[in-house]
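Coordinate analysis (summary)
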Amino acid sequence: MRRPETAAKGFSIAALAVLLAACATAPPQVPGTGTNAIALRSINAAQELLQRGRLDEALEQAQIAVRADPRSGRALVAKGQVLDAQGQRERAGELLARAVQLSPQDGIVLNARGAWLCRHGDAKKGLDLLGRAIEDPTYRQPVQALANAGTCALGEGLLPTAEMNFRAALGLSPTDAQSLVGMAHVELKQGDTLGARAFLQRREALAPLTPAELLLAIRIEEAAGDARAVARYRAQLATQGQGGPLPPPATPRD
């Protein structure tokens, strides 16, 4: 019969062997991401599929990412974004909150959660998280967080805060469409129709205006008293089969 201490020693050795095997097979994290390479590949695939509107396939890739790296905040963000697009708001919010717990200093995670909070009615907390995202020195997309903070503040009527963030974003990326449109909204609300027109014209130089942007252009030109420009934008809008009141600014993007 084996002695107790011998059995315990054998168990410890077996447990250590299992742990070492797990460490040996687990893929290493990609520096600066808090996520392993296998999960990152699926995260990128999920985001691309989400942009193309292929939500079921995007969710499948996001789930693969979570299984590959359950403690990756970015993997949870990918899944949360797809679920939010599918209308599963509560579950998406839970995943994004958990992502921040796992990666409290990751600008990508903070931006995603902050943008989600702004879209769903908690602008104060959303702006706080977006501010933290901007402060992350390793975050490669601060323009996105700045633009989101501007949009969030604009939605709350905080024009000075909105303008500060939009201008900071444009200082880093003069062609950021979200910030150009945001500044057009800010200038129009402040009564500067010429300034609003200038920002929207910069946006128009990049690509054809969306229906929402055409409606904004019409309001700007009506305020400026330029009937010819109003007619031109109305004609463009008619070709897209759109009409109606001025919509709110674009929502923050993840």
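Remember, it's a predicted structure, so these values are computed and weren't measured experimentally.

1. Digging into the packing of aromatic side chains
Summed over all chains, the structure comprises zero aromatic pairs. For Arg232, the ring lying beneath its charged end belongs to Tyr233, and the centroid distance is 4.5 Å.

2. Let's talk about the pattern of salt bridges
Taken as a whole, this structure holds 11 salt bridges when the rule is applied. Asp84 is paired through a salt bridge with Arg119; the nearest N and O atoms lie 3.3 Å apart. On the criterion of sequence distance, the pair formed by Asp84 in helix 4 (residues 73-85) and Arg119 in helix 6 (residues 107-119) is long-range, its members being 35 residues apart. With a relative accessible area of 26%, Arg119 lands in the partly exposed category. Here Arg167 and Glu187 are joined by a salt bridge, their closest N and O atoms 3.7 Å apart. With a gap of 20 residues between them, Arg167 in helix 9 (residues 159-172) and Glu187 in helix 10 (residues 177-189) connect regions that are remote in the sequence. Judged by relative accessible area, which is 8%, Glu187 ranks as buried. Each of the salt bridges in this network shares a partner with another, and the network as a whole consists of Glu163, Arg167 and Glu187.

3. Focus on the confidence of the model for the protein chain
Looking at the protein chain as a whole, the pLDDT averages 89, with 85% of positions reaching at least 70. pLDDT under 50 marks residues 6-12. Its contacts with residues more than four places away, or in other chains, come to two contacts. Every residue in residues 14-24 scores below 50 in pLDDT, and together they form zero contacts with partners more than four places removed in sequence or on other chains.

4. A closer look at the packing of helix 10 against helix 11 (residues 193-204)
With their axes 7 Å apart at the nearest point, helix 10 and helix 11 run at an angle of 165 degrees to one another. Classified by the interaxial angle, the pair formed by helix 10 and helix 11 is roughly antiparallel. As helix 10 runs across helix 11, the sense of the crossing is left-handed. Touching Ala177, Leu180, Val181, Met183, Ala184, Glu187 and Leu188 of helix 10 are Thr193, Gly195, Ala196, Phe199, Leu200, Arg202 and Arg203, all from helix 11. Classifying every residue of the contact of helix 10 with helix 11 gives nine nonpolar, two polar and three charged.

5. Considerations on the packing of helix 11 against helix 12 (residues 211-224)
Taken N-terminus to C-terminus, the directions of helix 11 and helix 12 make an angle of 150 degrees; their axes are 9 Å apart at the nearest point. With respect to each other, helix 11 and helix 12 are oriented roughly antiparallel. Our pair here, helix 11 against helix 12, has a crossing hand that is left-handed. Within the contact between the two elements, helix 11 uses Thr193, Ala196, Arg197, Leu200 and Arg203 and helix 12 uses Glu213, Leu216, Ala217, Ile220, Glu221, Ala223 and Ala224. Taken together, the residues that form the contact of helix 11 with helix 12 break down as seven nonpolar, one polar and four charged.

What counts and what doesn't
- Residues numbered from 1 in each chain as written.
- Predicted model: local features only at pLDDT ≥ 70, side-chain atom pairs only at ≥ 80, totals over all residues.
- Heavy atoms only, no water.
- Phe/Tyr/Trp six-rings, centres within 6.5 Å; stacked < 30°, edge-to-face > 60°.
- Lys NZ or Arg CZ within 6 Å of the ring centre and 35° of its normal.
- Salt bridge = Lys/Arg side-chain N within 4 Å of Asp/Glu carboxyl O.
- Helix = DSSP H or I, 4+ residues; strand = E, 2+ residues; numbered from the N terminus.
- Buried < 20%, exposed > 50% of the residue type's maximum accessible area, 1.4 Å probe, protein only.
- pLDDT = per-residue confidence, 0-100.
- Contact = heavy atoms within 4.5 Å.
- Axes fitted to C-alpha atoms, helices over the stretch in contact; angles between N-to-C directions.
- Parallel < 35°, antiparallel > 145°, perpendicular 65-115°, else oblique.
- Left-handed = near helix turned anticlockwise from the far one by under 90°.
- Nonpolar A, V, L, I, M, F, W, Y, C, P; charged D, E, K, R; others polar.

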